[in-house]
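# Structural features, examined
Listed below are the residues making up each chain.
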Amino acid sequence: MRPTQPPKTRTMTLTRNDAGIRLNQYLGQLGVASRRGADRIIAEGRVRIDGKIVRELGTRIVPAEHTVTVDGKAVARPVRRLVFLMHKPKGYVSTVSDEEGRPTVMDLMRSVARKQRLFPVGRLDFNTTGALLITNDGELCYRLTHPRFGIARVYQVRVRGDVSNAQLHRLMRLAQEGVRDREQPRATHPAVEVVKQLQKEAILKVTLLEGRNRQVRLMCEEVGLHVVALKRLSFGPVSIRKLPVGGIRPLERRELDRLDAMTKKGSTK
């Protein structure tokens, strides 16, 4: 008689690291808590996934496939979806709150959407300006920021001095890292080009398919280029054209439809 095998325990950790997002990062994106605070409430057993308490800090989820609750309340299930475009100015951090007390992009949102639980889609660093999406839709935020969906971000970079062909080719290779081996075909490809060479500066246009922390600045630093100014011109089909620095507007229906269509193309079942 065979010994009874213990039942397999269900784990919420996904087997493919590129298929989901870490639970603490997800809660941080939604403004539930900082990542450190999210780790604390997970360890305290206050978070459930599909009705089951999770305490493992490395847990990964897919927002479209899992229901997350904190203290019994579902997160990322807005009754009415809100998506705004901000032309982020310098001197603001792209978080809901800041432990160092620095101004955040949400301070700028108070006059636009009071009493709404909003959060930025990804981040632009303190000194970077340009296109930043802000929403209350956790699933859309996940789809727009996860690399496997390949949503293009276009940046304008001013660098000091001339840009050599060797530096330009190296920048292109750095832009392509992490993309070339993915199975999902891309309608857009990473790209780097010199838009204008000035007497003491050059202006580059950089297109990336993911938004790793300080990616453009680190790429330039690696090839020996000093960034003077960095601006994100567009996020997917949404552009800051005609939107002044510090300006905020709701997305138009056609823009929302295009975002939805682009992120659905990148999904896998």
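Everything numeric here is computed off the predicted structure, so don't read it as measured data.

### Let's talk about the environment of Arg-80
- Position of Arg-80 among the secondary structure elements: in the loop between β6 (73–74) and β7 (83–88).
- Given the relative accessible area of 60%, Arg-80 is considered exposed.

### What about the environment of Ser-239?
- Following the sequence through the fold, Ser-239 ends up in strand β14 (residues 238–239).
- Sequence separation between Ser-239 and Leu-132 is 107 residues, and the spatial gap between their C-alpha atoms is 9.5 Å.
- Setting aside its immediate chain neighbours within four residues, Ser-239 contacts Leu-85, Leu-233, Ser-234 and Arg-249.
- Within the structure, Ser-239 has its side chain in polar contact with the backbone nitrogen of Arg-241 (distance 3.1 Å).

### Side note on the side chain of Arg-153
- Secondary-structure assignment places Arg-153 in strand β10 (residues 153–160).
- Within the buried set, Arg-153 has no salt-bridge partner at all; the shortest N-O distance to an opposite charge, 7.7 Å, is to Glu-210.
- Here the side chain of Arg-153 touches Leu-144 through a polar contact of 3.2 Å, landing on its backbone oxygen.
- There is a polar contact of 2.8 Å between the side chain of Arg-153 and the backbone oxygen of Ile-151.

### Focus: the confidence of the model for the chain
- Overall, the prediction assigns the chain a mean pLDDT of 85, with 86% of residues at 70 or greater.
- Taken together, the stretch residues 1–16 has pLDDT below 50 and engages in 21 contacts with residues farther than four places along the chain or on a different chain.

### Some remarks on the nonpolar core
- Within the largest apolar cluster, 35 residues are counted, with the highest numbers of intra-cluster contacts made by Leu-23, Leu-27, Val-47, Val-68 and Leu-133.
- With four residues, helix α4 (residues 138–145) is the single largest residue contributor to this core.
- Beyond its immediate chain neighbours, meaning those up to four positions away, Leu-133 contacts Phe-84, Leu-85, Phe-119, Pro-120, Val-121, Leu-144, Phe-235, Val-238, Leu-251 and Leu-259.
- Within the second largest apolar cluster, 31 residues are counted, among which are Ile-134, Tyr-155, Ala-202 and Leu-208.

### Quick notes on the packing of helix α5 (residues 165–176) against helix α6 (residues 215–222)
- Viewed as axis vectors pointing N to C, α5 and α6 meet at an angle of 140°, and their least axial separation amounts to 10 Å. The orientation of α5 relative to α6 falls into the category oblique. Crossing angle aside, the handedness with which α5 passes α6 is right-handed. Contact with α5, carried on its side by Arg-170, Leu-171, Leu-174 and Ala-175, involves Met-219, Cys-220 and Glu-222 of α6 and no other residues of that element.
- In terms of residue class, the contact of α5 with α6 is made up of five nonpolar, no polar and two charged.

### Describing the pattern of salt bridges
- All told, the structure shown has 15 salt bridges when counted by the stated rule.
- Across the pair Arg-46 and Glu-44 runs a salt bridge, and its minimum N-O distance is 3.1 Å.

### A closer look at the packing of aromatic side chains
- With the rule as written, the count across this model stands at one aromatic pair.
- Ring geometry for Tyr-142 and Phe-149: centres 5.8 Å apart, planes at 85°, overall edge-to-face. An identical accessibility class is assigned to Tyr-142 and Phe-149; each is buried.

Cut-offs and rules
- Residues numbered from 1 in each chain as written.
- Predicted model: local features only at pLDDT ≥ 70, side-chain atom pairs only at ≥ 80, totals over all residues.
- Heavy atoms only, no water.
- Helix = DSSP H or I, 4+ residues; strand = E, 2+ residues; numbered from the N terminus.
- Buried < 20%, exposed > 50% of the residue type's maximum accessible area, 1.4 Å probe, protein only.
- Contact = heavy atoms within 4.5 Å.
- Polar contact = N/O pair within 3.5 Å; in protein donor to acceptor, adjacent residues only side chain to side chain.
- Lys, Arg positive; Asp, Glu negative; His and termini not counted.
- Salt bridge = Lys/Arg side-chain N within 4 Å of Asp/Glu carboxyl O.
- pLDDT = per-residue confidence, 0-100.
- Core = buried A, V, L, I, M, F, W, Y, C linked by side-chain atoms within 4.5 Å.
- Axes fitted to C-alpha atoms, helices over the stretch in contact; angles between N-to-C directions.
- Parallel < 35°, antiparallel > 145°, perpendicular 65-115°, else oblique.
- Left-handed = near helix turned anticlockwise from the far one by under 90°.
- Nonpolar A, V, L, I, M, F, W, Y, C, P; charged D, E, K, R; others polar.
- Phe/Tyr/Trp six-rings, centres within 6.5 Å; stacked < 30°, edge-to-face > 60°.

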